[in-house]
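Survey of secondary and tertiary structure
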Amino acid sequence: KTCQTAEFKTAEVEVQARHSSDNAAQTEADQHRTQLFDLERESHMHYPGLGDFLHSVEDTVVKELKKNAKSHAFEGFEVNWEDQNETVSCLHALQYSEAQERELQVTSLSWNTTGSVVACAYGRLDDGDWSTEKSFVCTWNLDRRGLNPKRPDLVIDVPTSVMCLSFHPSKPSLIAGGLYSGEVLVWDTSRTQDPLCARTAMSDETHREPVYQVHWVPGARRGDGFSVLSAGADGRILVWQLDSEGQLTLSDGFALVTQQIPRNVQLSKARGDCLLGVTALSLCPWDWDVFLVGVEGGLVLKCSFSTRTPAAVSSPSSGLALRAPAQFTFSSHAGPIHAIHCSPFHRNLFLSAGMDGHAHLRSLLQATPLLSLRLSDSYLFSVRWSPTRPLVFAASTGQGSLVIFDLGRGSLRPAATIEQDTGGKPVYCLEFNPKQPHLLAAGSADGTVKIWQLSAELIEQGQREAAQLEQLATEAMQ
Amino acid sequence: MEAEVEETLKRIQSQKGVQGIIVVNAEGIPIKTTLDNSTTVQYAAQIHQLVLKARSTVRDMDPQNDLTFLRLRCKKNEIMVAPDKEYFLIVIQNPTD
């Protein structure tokens, strides 16, 4: 059988342009558009037809808004644009052979501001004696091709153990470190000759005991660069400015004296004039005047940079008068605190973790913790909020594992536990990569830094997380 | 006349979950807004381009058809646009709020 359509007509036609012309166009800088929009001016102008337009669309828009607020259509509907990692995997295990030979431990870690370089400091955290052992600061650029995990890109020799490390918040090559001897050094990793670019001179005013915390703080006025803040076992918190001659000059200082600690919480009967060593410190990203300090004995103190009370210590005659910064005391942990971290998503919340294996979720507004979570049978050395998920934080334990906890799950058990395989040695430090939130670096006592890639569910923010965190904070307040 | 415009915008703003309203003119320049300057300028430029593209897509597929409303469902919120010859009304709503 065959079939055929009815006859249909076709025609062939050709087309050609008879005239042509050349033309060019150029855009103006977008500033033009921004300048045109001046809210003050616009509110007084009259737009023809605006009233009619709004009148005509108002009903439709309001109807859609109302429908949307009630709709369940998209509940539980999730779209995945990125590759979903189901599991946590170890991307790199970074080591430095000389440090391994001498069995040095990784005491501190820092990512630089671009998220491509990780630096680690070697030293010892379990030594009681004065140590003159030389140590190192090593950096690896993870984005570089031909990354050799056994060979750091840069090795800086340091005369004693480095206890803490911090990269500059905006200059990707500057890094500050605090030493066991009390010195604070700043290195510039882009310098090939000698990376050391500033150091504190030995004087009456500098730290004489190990410096456990070093951070970059913004200058008092806008436009001032960042200064280096160092805090140590001698109970002093000092702020240094870099000058052009390679010196760190003292620009501000605080001292924590027992008798000046606010008595809103029951304190132990220590001698009134002794200084409390600092073991943990966190700057508050929501209010640059506030900083939190953890001291020997397990106390957490809320401090202020703008305090005017002089500290009850004898200051050197020509030197800077130290001030007493503590304004509020939080109830203590049952042991020294090694880590405090302010939440990047909620202005009043912070975490503190200590040797009692507990992590406390606390609010700046009350002395007792909001939540006390037992994360480990042994000590907790470090705790950090996730930079992308408001309800998630990670902690490192003395047994060699990393614990990731999700407050949204409503369970007392962690969302994930990562074994760092250190043979039971503690993991001392833990840092999320600021630009690539799926990377987590952890340094342990066996001298290795492991870079973990987290699974997607631990990184991607859920729909209402920030609101849930807010709810948690207000409900748990007494 | 001016007061009526403000009243209408207030009524829309008071709906549940509305985070902001922007009215842009035919060139994509914002003329009324309830958000801050920098957010407004960003939204206005981007959404204006998107609406023009959406409209040309609809008309290409069927010249008799035209765009009447555009809704962009996002993880954190929903952006709705009511277009017209001279103005666009952009409303950002978080329906779960």
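As annotated in an unreviewed UniProt entry, chain A carries the name WDR34 protein and is attributed to Polyodon spathula.

**Observations regarding the nonpolar core**
Residues Leu50, Phe53 and Val61 of chain A together with Ile12, Val23, Leu89 and Val91 of chain B are the most contacted members of the largest nonpolar core, which totals 21 residues. Contributions of two or more residues to this core are made by helix H3 (50–70) of chain A together with helix H1 (2–13), strand E1 (18–25), strand E4 (78–83) and strand E5 (87–93) of chain B. Broken down by element, this core gets its largest block of residues, 7 residues, from H3 of chain A. Beyond its immediate chain neighbours, meaning those up to four positions away, valine 91 of chain B contacts Val61 and Leu65 of chain A together with Ile12, Val18, Gly20, Ile21, Glu78, Ile79 and Met80 of chain B.

**A few points about the side chain of asparagine 77 of chain B**
All names here are of chain B. Mapped onto the elements of the fold, asparagine 77 is located in the loop between strand E3 (70–73) and E4. Note on asparagine 77: relative accessible area 14%, which makes it buried. The residues contacting asparagine 77, other than those within four sequence positions of it, are Gln19, Tyr43, Leu72, Ile92, Gln93 and Asn94.

**A few points about H3 of chain A**
In this model H3 of chain A runs 29 Å from its N-terminal to its C-terminal C-alpha over 21 residues, within 8% of the 30 Å that 1.5 Å per residue would give. Residue glutamate 58 of chain A marks the point of greatest curvature in H3 of chain A, where the axis turns by about 40°. Among the residues of H3 of chain A, Leu50, Gly51, Phe53, Leu54, Val57, Glu58, Val61, Val62, Glu64, Leu65 and Asn68 of chain A are the ones counted as buried. On its buried face, H3 of chain A sits against H1, E1, strand E2 (30–33), E3, E4 and E5 of chain B.

**Topic: the layout of surface pockets**
As a volume, the largest pocket reaches approximately 1500 Å³. Here the residues of the lining of the largest pocket are counted per class, giving 27 nonpolar, 15 polar and 3 charged.

**Regarding the interface of chain B and chain A**
Taken together, the 38 residues of chain B in the interface contact 32 residues of chain A. Across the chain B/chain A interface, buried area totals approximately 3300 Å², and carbon plus sulfur atoms make up 64% of it. Viewed at the interface, chain A and chain B are joined by 2 salt bridges. When the shortest N-O distance is used, the salt bridge between glutamate 58 of chain A and arginine 11 of chain B registers 2.6 Å. Taken together, the connections running from chain B to chain A amount to 8 residue pairs in polar contact (both at pLDDT 80 or more). Every element with two or more residues in the side of chain B that touches chain A is listed here: H1, E1, E2, helix H2 (37–61), E3, E4 and E5 of chain B. With 6 residues, the top contributor of residues to the side of chain B that touches chain A is H1 of chain B. Counted by class, the side of chain B that touches chain A contains 19 nonpolar, 7 polar and 12 charged residues.

Cut-offs used in this document
- Residues numbered from 1 in each chain as written.
- Chains lettered and ligands numbered in written order.
- Predicted model: local features only at pLDDT ≥ 70, side-chain atom pairs only at ≥ 80, totals over all residues.
- Heavy atoms only, no water.
- Core = buried A, V, L, I, M, F, W, Y, C linked by side-chain atoms within 4.5 Å.
- Buried < 20%, exposed > 50% of the residue type's maximum accessible area, 1.4 Å probe, protein only.
- Helix = DSSP H or I, 4+ residues; strand = E, 2+ residues; numbered from the N terminus.
- Contact = heavy atoms within 4.5 Å.
- Expected span 1.5 Å × (residues − 1).
- Bend = angle between axes of the 7 residues up to and from the residue.
- 1 Å grid on protein atoms, 1.4 Å probe; cavity = no way out; pocket = protein on both sides within 12 Å on 5 of 7 lines; lining within 4 Å.
- Points joined across faces, edges and corners; volume = space filled by probe spheres on them.
- Nonpolar A, V, L, I, M, F, W, Y, C, P; charged D, E, K, R; others polar.
- Buried area = accessible area lost by both parts, 1.4 Å probe.
- Salt bridge = Lys/Arg side-chain N within 4 Å of Asp/Glu carboxyl O.
- Polar contact = N/O pair within 3.5 Å; in protein donor to acceptor, adjacent residues only side chain to side chain.

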